[in-house]
There are 2 protein chains.
Amino acid sequence: MGRTPLPPGAVVTPAVVVDAAVLGANLRAMADSAARRGMALRPHAKTHKSADIAHRQLAAGAAGISVATLGEAEAFADAGIGDIFIAYPVWADADRAARLRELATRIRLSVGTDSAAAVARLAATGAPIRVLVEVDCGLARSGVAPFPVHSYEPGRLAPAAADEAAALAAAATSLEAAGLPCPVRSGGSTPSAARSAGPADGGPVTELRPGVYAFNDAQQVVLGAATLDQVALAVQATVVSVPAADRFILDAGAKVLGPDRPAWMPGHGLLPGYPEAVITGLWEHHAVVTPGSGPRPQAGDQITVIPNHVCTVVNLVDWLYVAEGGAVTGRWPVTARGRNV
Amino acid sequence: MGRTPLPPGAVVTPAVVVDAAVLGANLRAMADSAARRGMALRPHAKTHKSADIAHRQLAAGAAGISVATLGEAEAFADAGIGDIFIAYPVWADADRAARLRELATRIRLSVGTDSAAAVARLAATGAPIRVLVEVDCGLARSGVAPFPVHSYEPGRLAPAAADEAAALAAAATSLEAAGLPCPVRSGGSTPSAARSAGPADGGPVTELRPGVYAFNDAQQVVLGAATLDQVALAVQATVVSVPAADRFILDAGAKVLGPDRPAWMPGHGLLPGYPEAVITGLWEHHAVVTPGSGPRPQAGDQITVIPNHVCTVVNLVDWLYVAEGGAVTGRWPVTARGRNV
């Protein structure tokens, strides 16, 4: 299927545009895939930060959402989402203790943790909060033992899913041996989600928390976790300068495309209309594009860029423009943009 | 002088905090330095995006401000700033032509350009806009010949300022030979601004446009353009996890510290209270810190991080908290946050 192209001038650039048809197909496909394997789906909403999209995920069958911060949880609760997991080792200082107590009165709230000290603080709030133990992903970040973030490398998709299954099964066995029930075994980033082993396959993973799958991005395409036609979100940009034959300049810089460029990515984004072109340089408000031997646009042309990592793109803008059938039909607010606290 | 430390709990973390005394000293020092050399000062406001700070810059003697986008110019004009240069090759499509016309009725407006086609579009708006020709900085971005952005490398400060003087003098000679007056010769990024050659020294640079100097950041410290005591902006963070002896985890990730890490920077920010510690990993909401042989904080401790590149930090938040004498006394809105269009 794929995104329907927009005519020139459909939006004022730079603009972040979501193709509603591709988004809908992505939401249905992941929901169906999780259901077939007997797993609950709790999408990570830090990717889209949008209440409109969270409600679409629930309508497609999600059991609730995941978020990264208490502030994101509050924003989504205010927008009517009733079951939220804060997938982060929240430290309940005085401010957060009061806010957790308030939030737990109005939604079903779960929180991540990786230390007895943090659990004691959560318990001291007196709030009815469900706690999930964070299992280290092998990345030496926070958490207590291996999980699938290291699927973000080429060739790591299948081994990461196997590592996840082994780590969650081992952690659950340990907890149950200590008399602690472990009914929720949650994992599954977008690259590894299709390979996570759920109950229908005799696997330990009861819940998936992918985020990026709603939109996909250039990283997922290069990792082989999505095709270009499955990318729902793109940045529309204008060529503002063609200063030399070996380059042209777009008005989409790091402040809209986001900064992420792992060493295994070919540039700072993909240009589907200019498949030989590479974004070789990225400044705050300029992308420098090397056209290669392919066609070159003229100053004033609007072109489409697929960003490398969509989570950081959405956090930079206040609105997602919605495209349906090649026309911009509305816009959705980025409900939880910047809610770091 | 330096920032006055904040007591634990002064802000809910992660928070971006500006020390008002250090900010004031930075604004006065640059204004005095420009005036001594006979140069106008037109600070780049993309660094702070704050009307409160822009008004302080004008009060300290700035002639006007620079911005990166038309949307930033509109936001600052709405906040009462009357003389603005958009330091970017604006392409006047239909939307922007109308907005440029409107904006030029209420402020003194200047725009950058690097092509005859873009100038023709600006002229067709009919608006009384002053045009400055962008001279290429030697970075092969936009622009027409060398300017001081390449001062952002260790050891490049003096040569970058010399390159800038030569390039601006040559460009002005060319324009004047063609019968075009060139009264404004504008340059001077923060690292090179102290070395730009102005009229009082027989140099060609009539105007300085530094941005970062208002706050400074870890990059300026490593480049030798500022001391730690001249850094006005810091991120307050909380230790949320100490999962192992070789690391601790902060709640300040790339969504508040910003993503920038040039290869010549030692990590993803500096920790003045833990001078042997290095931020070795940065995720969206986690900083992974290696303490080295120095002290290690406990979970729940609040610590101070100096971000690598302050311009991208400010663009991620809605508020700058204001500290005076070791207490948080207020907050300023990030007036032009996200105004990319």
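First things first, this report covers the structure right here in the doc. (Residues numbered from 1 in each chain as written. Chains lettered and ligands numbered in written order. Predicted model: local features only at pLDDT ≥ 70, side-chain atom pairs only at ≥ 80, totals over all residues. Heavy atoms only, no water.)

## What about the pairing of strand β9 (residues 233-244) of chain B?
Residues and elements named next belong to chain B. Counting buried residues in β9 gives 9 out of 12 residues, a clear majority hidden from the surface. Here strand β1 (residues 15-19) pairs with β9 via 4 bridges, running antiparallel. Among the inter-strand pairings, Ala15 is bridged to a residue of β9, identified as Gln236. Two strands pair when backbone bridges link them, and β9 and strand β13 (residues 302-305) are joined in this way by 4 bridges, in the antiparallel orientation. For Thr238, the partnering residue across the bridge sits in β13 and is Gln302. Here 3 bridges tie β9 to strand β10 (residues 247-250), and the two strands are oriented antiparallel to one another. The partner of Ser241 across the bridge, within β10, is Ile249. (Buried < 20%, exposed > 50% of the residue type's maximum accessible area, 1.4 Å probe, protein only. Helix = DSSP H or I, 4+ residues; strand = E, 2+ residues; numbered from the N terminus. Pairing = 2+ DSSP bridges.)

## Overview of helix α1 (residues 20-36) of chain A
For an α-helix the count is 3.6 residues per turn, leaving residues at separations of three or four pointing the same way. Residue and element names in this part refer to chain A. For α1, built from 17 residues, the straight-helix expectation of 24 Å at 1.5 Å per residue is met to within 8% by its first-to-last C-alpha distance of 24 Å. Structurally, α1 contributes buried residues whose contacts are with β1 (15-19), β2 (40-41), α2 (51-59), α7 (190-193), β8 (207-208) and β15 (327-333). The backbone nitrogen of Ala21 lies 3.1 Å from a side-chain oxygen of the residue at the head of α1, namely Asp19. Two residues or fewer after α1 comes Gly38, characterised by a positive phi angle close to 75°. (Expected span 1.5 Å × (residues − 1). Contact = heavy atoms within 4.5 Å. Polar contact = N/O pair within 3.5 Å; in protein donor to acceptor, adjacent residues only side chain to side chain.)

## So, the relation of the copies chain B and chain A
Rotating chain B by 180° and translating it 0.0 Å along the rotation axis places it on chain A, where the RMSD comes to 0.0 Å. In symmetry terms, the pair is related by a two-fold rotation axis. Most of the interface of chain B is mirrored in chain A, where 100% of its interface residues again form contacts. (Least-squares fit on C-alpha atoms with pLDDT ≥ 70 in both.)

## Looking at the packing of helix α3 (residues 70-78) of chain B against helix α4 (residues 94-104) of chain B
Describing two packed helices takes the angle between their axes plus the distance from one axis to the other. Residues and elements named next belong to chain B. Packing of α3 against α4 brings their axes to within 11 Å, and their N-to-C directions diverge by 30°. With respect to α4, the axis of α3 lies roughly parallel. The interaxial crossing formed by α3 with α4 has left-handed handedness. For the pair formed by α3 and α4, the contact residues are Leu70, Gly71, Ala73, Glu74 and Ala77 on the first element and Arg96, Arg99, Leu100 and Leu103 on the second. Residue composition of the contact of α3 with α4, by class: 5 nonpolar, 1 polar and 3 charged. (Axes fitted to C-alpha atoms, helices over the stretch in contact; angles between N-to-C directions. Parallel < 35°, antiparallel > 145°, perpendicular 65-115°, else oblique. Left-handed = near helix turned anticlockwise from the far one by under 90°. Nonpolar A, V, L, I, M, F, W, Y, C, P; charged D, E, K, R; others polar.)

## Notes on the pattern of salt bridges
Residues and elements named next belong to chain A. Taken as a whole, this structure holds 32 salt bridges over all chains when the rule is applied. With its nearest N and O atoms 2.7 Å apart, the salt bridge here joins Asp95 to Arg99. Within this pair, Asp95 and its partner Arg99 are both found in helix α4 (residues 94-104), separated by 4 residues, close to a single helical turn. The buried category is assigned to Arg99, whose relative accessible area is 17%. The partner of Glu176 in a salt bridge is Arg185, and the shortest N-O contact between them spans 3.0 Å. According to the relative accessible area criterion, Glu176 is partly exposed, its value standing at 41%. Connected through shared salt-bridge partners, Arg42, Asp83, Arg108 and Glu207 make up one network. (Salt bridge = Lys/Arg side-chain N within 4 Å of Asp/Glu carboxyl O.)

## Here's the deal with the interface of chain B and chain A
At the junction of the two partners, chain B supplies 49 residues and chain A supplies 49 residues. Summed over both partners, the interface of chain B with chain A comes to about 4,300 Å²; 55% of that surface belongs to carbon and sulfur atoms. Summed over the shared surface of chain B and chain A, the result is 4 salt bridges. In this structure, the salt-bridge partner of Arg337 of chain A is Asp318 of chain B, at a minimum N-O distance of 2.5 Å. Our count for the chain B to chain A interface comes out at 12 residue pairs in polar contact (both at pLDDT 80 or more). (Buried area = accessible area lost by both parts, 1.4 Å probe.)

## Quick notes on the sheet that holds strand β7 (residues 186-187) of chain A
Taken in spatial order, the 3 strands line up as β2-β8-β7 (chain A) in an open sheet, and their pairing is parallel. The sheet is open, and its two edges are formed by β2 and β7 of chain A, each paired on a single side.

## Describing the packing of aromatic side chains
Residues and elements named next belong to chain A. A complete count under the given rule lists 2 aromatic pairs over all chains for this structure. Here the aromatic rings of Phe248 and Tyr274 are separated by 6.2 Å at their centres, their planes lie at 55°, and the arrangement is tilted. Separated by 26 residues along the polypeptide, Phe248 in strand β10 (residues 247-250) and Tyr274 in the loop between α9 (254-257) and β11 (278-282) bring together distant segments of the chain. Each member of the pair, Phe248 together with Tyr274, is buried. (Phe/Tyr/Trp six-rings, centres within 6.5 Å; stacked < 30°, edge-to-face > 60°.)

## What to know about the environment of Gly267 of chain A
Residue and element names in this part refer to chain A. Along the chain, Gly267 turns up in the loop between α9 and β11. We classify Gly267 as buried; its relative accessible area is 2%. Residues Gly267 and Glu153, 114 residues apart in the sequence, show an inter-C-alpha distance of 16 Å.

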